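# Chains, contacts and geometry: an overview
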Amino acid sequence: MLLRIDHVGIACHNLNEKIEFYESVFGLTVVSREINEEQGVREAMLHVADGDQGASYVQLLEPLHPDTAVGKFLAKRGEGVHHVGYGVTDITKALEEISAKGVRLVDERPRHGSMGASIAFLHPKDIGGVLTELVETSRR
Ligand code: MC0
């Protein structure tokens, strides 16, 4: 069901500073920057690698307001890994299959994600404390 790790989402207080850090330390390149009002984030995708099943990225996330998913996470836990996003072929089918196994879905239906992807989150409390995201994308 899971094709690859699409991205690792990292919560930070200052997006520009964190981009500079990842560029200078790891030599990564920003391929996309977006504001996603629905998700309450300002975010950047930095390309890491290409694989048979598609590319993988680091996603840096800065909250638009304190009262957002990432804002609350930062207040509670500080900066660090916020979620893991896995690539899937058919997100609607994957959600059905995962839900049937008793895992709580944060999103019953896919929503708009970075770089035109369809995304849906699974509840961290049912996945060993890891906020997990499914990503269906046509990008390679
Ligand atoms: C919260 N919890 C987490 C967590 N966020 N655990 C692991 N990883 C995380 N990222 C835990 C809290 O510590 C708490 O545990 C419990 O879940 C409830 O959290 P809460 O802070 O009280 O907040 P809720 O219940 O209102 O919301 C939690 C929930 C929410 C996961 C449902 O954050 C959510 O809907 N997330 C999905 C959307 C999202 O994260 N969007 C931002 C990225 P305790 O033990 O204290 O009860 S958007 C994105 O990434 C897009 C742009 C993309 O990829 O394209």
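Quick caveat: nothing in here was measured; it's all calculated off a predicted structure. (Residues numbered from 1 in each chain as written. Predicted model: local features only at pLDDT ≥ 70, side-chain atom pairs only at ≥ 80, totals over all residues. Heavy atoms only, no water.)

## Examining the UniProt feature "domain: VOC" (unreviewed entry) in the chain
Cut-off, in case you're wondering: UniProt positions are given in the numbering used here, feature names are shortened, and annotations may be inferred rather than shown by experiment. Secondary structure elements follow DSSP: runs of H or I no shorter than four residues count as helices, runs of E no shorter than two count as strands, and numbering proceeds from the N terminus.
In the numbering used here, UniProt assigns the "domain: VOC" (unreviewed entry) feature to residues 4-137. Summarising residues 4-137: 23% helix, 43% strand, and an end-to-end C-alpha distance of 12 Å.

## Looking at the pairing of strand S5 (residues 80-87)
Here is the key point about a regular strand: its side chains alternate between the two faces of the sheet. The cut-off we apply is this: Strand pairing requires that DSSP identify at least two bridges connecting the strands.
One ladder, built from seven bridges, connects strand S1 (residues 4-11) with S5; its direction is antiparallel. Paired with histidine 7 across the bridge in S5 is glycine 85. Direction of pairing for S5 relative to strand S8 (residues 132-136): parallel, over a ladder of four bridges. Residue pairing in the sheet places glycine 85 in a bridge with glutamate 133 of S8.

## Topic: the site of the ligand
Definition in use: Residues are labelled near a given molecule or strand when at least one of their non-hydrogen atoms is within 4 Å of it. Counted as a polar contact is a pair of N or O atoms within 3.5 Å, where, for protein atoms, one must be capable of donating a hydrogen and the other of accepting one, and residues adjacent in sequence contribute only when both atoms are in side chains. Using a 1.4 Å probe, the Shrake-Rupley method yields the accessible areas, and only the shown protein chains count as cover for residues. In this analysis the probe radius is 1.4 Å and the grid spacing 1 Å, with only protein atoms considered; a cavity is a set of points the probe fits into but cannot get out of, a pocket is an open set with protein on both sides within 12 Å along at least five of seven lines, and lining residues have an atom within 4 Å of a point. If over half the atoms of a molecule are within 2 Å of the grid points of a cavity or pocket, the molecule is regarded as sitting in it.
Residues in close proximity to the ligand total 24 residues, the closest being Gln39, Lys76, Ser114, Lys125 and Glu133. Interatomic distance of 2.8 Å between a side-chain N/O atom of glutamine 39 and a nitrogen atom of the ligand. Coverage of the ligand by the protein chains reaches 76% of its 1,100 Å² of free accessible surface. Structurally, the ligand is housed in the largest pocket.

## A few points about the layout of surface pockets
Here is the rule we go by: Grid points are joined across faces, edges and corners, and a volume is the space filled by probe spheres set on the points.
The computed volume of the largest pocket comes to approximately 800 Å³. Lining the largest pocket are 35 residues, with Ala69, Phe73, His82, Pro124 and Leu131 positioned closest to its centre. Of all elements in the fold, only S1, strand S3 (41-51), strand S4 (54-63), helix H2 (69-77), S5, strand S7 (118-122) and S8 reach the threshold of two or more residues within the lining of the largest pocket. The biggest single contributor to the lining of the largest pocket is H2, with six residues.

## Concerning helix H3 (residues 91-100)
Formally: Remark: exposure states derive from per-residue accessible area (1.4 Å probe, protein chains only) relative to the maximum for the residue type, with buried under 20%, exposed over 50%, and partly exposed in between. The directions considered for the arc are those from the helix axis to the C-beta atoms. Here, residues are in contact when the closest pair of their heavy atoms is within 4.5 Å.
Buried within H3 are the following residues: Ile91, Ala94, Leu95 and Ile98. Angularly, the buried residues of H3 cover 100° about the axis, an arc narrow enough to put them on a single face. Relative to its buried face, H3 has exposed residues pointing more than 90 degrees away, namely Glu96 and Ala100. Buried residues along H3 sit in contact with S7 and S8. Directly after H3, the chain includes glycine 102, whose backbone phi takes a positive value near 95°.

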